[in-house]
Amino acid sequence: MPSEYAKALGARLRAIRTQQGLSLHGVEEKSRGRWKAVVVGSYERGDRAVTVQKLAELAEFYGVPVSELLPGGAAPSPLGPTPKLVIDLERLQQLPKDKAGPLARYAATIQSQRGDYNGKVLSIRQEDLRSLAVIYDKSPAELTEELINWGILDAEARRAVESL
């Protein structure tokens, strides 16, 4: 019988998956078989224990921080990873090319390398932000503010830049 925590963890996993518009079979297809539908389903039901390593890999696959998968609103510890930088790709497509062209090309390259074409959001690393700041001839903090103003990054991105 699954524990209450396993059920709550499974509910978080299911919520993230459904927010991304994926069925269990969609996860298997998108991951090219890396994540089997039956395994993800058993994690979601709490029937199967998920290791920390697998949970981290699932979080990366879904493009969310591990803390988003943990039940009970667990916040990352101060020593934990910084918040992810998540680009709103739909908003990016709406911006003029002269403004967002370099970012759009950079994002397309990352998507190509990852084989990730969900078209809604894209997580980038702090190193990516540093590279983009060089391209835009700005500091990472200045570029972050500009991307927040454009509606491409969430205001939470400021926290990620503070640790740079």
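Quick caveat, the model's predicted, so the values are computed rather than measured.

1. Digging into the packing of helix α8 (residues 126-136) against helix α9 (residues 140-150)
It is the contact of α8 with α9, at a shortest axis distance of 9 Å, that shows an interaxial angle of 90 degrees. As summarised for this structure, α8 and α9 are arranged roughly perpendicular, according to the angle between their axes. Mapping the contact onto sequence places L129, R130, L132, A133 and Y136 in α8 and P140, L143, T144, L147 and W150 in α9. The residue inventory of the contact of α8 with α9, partitioned by class, reads 8 nonpolar, 1 polar and 1 charged.

2. A word on the UniProt feature "domain: HTH cro/C1-type" (unreviewed entry) in the protein chain
In the numbering used here, UniProt assigns the feature "domain: HTH cro/C1-type" (unreviewed entry) to residues 13-69. Between the end C-alpha atoms of residues 13-69 the distance is 6 Å, and the span holds 67% helix and 0% strand.

3. Side note on the pattern of salt bridges
Enumeration according to the criterion identifies 11 salt bridges in this entry. R12 is the partner of E68 in a salt bridge, and the nearest nitrogen-oxygen pair spans 3.6 Å. Highlighted residues: E68 in helix α5 (residues 66-69) and R12 in helix α1 (residues 4-19), separated in sequence by 56 residues. Among the residues examined, R12 registers a relative accessible area of 25% and is labelled partly exposed.

What counts, and where the lines are drawn
- Residues numbered from 1 in each chain as written.
- Predicted model: local features only at pLDDT ≥ 70, side-chain atom pairs only at ≥ 80, totals over all residues.
- Heavy atoms only, no water.
- Axes fitted to C-alpha atoms, helices over the stretch in contact; angles between N-to-C directions.
- Helix = DSSP H or I, 4+ residues; strand = E, 2+ residues; numbered from the N terminus.
- Parallel < 35°, antiparallel > 145°, perpendicular 65-115°, else oblique.
- Contact = heavy atoms within 4.5 Å.
- Nonpolar A, V, L, I, M, F, W, Y, C, P; charged D, E, K, R; others polar.
- UniProt positions renumbered as here; feature names shortened; annotations may be inferred.
- Salt bridge = Lys/Arg side-chain N within 4 Å of Asp/Glu carboxyl O.
- Buried < 20%, exposed > 50% of the residue type's maximum accessible area, 1.4 Å probe, protein only.

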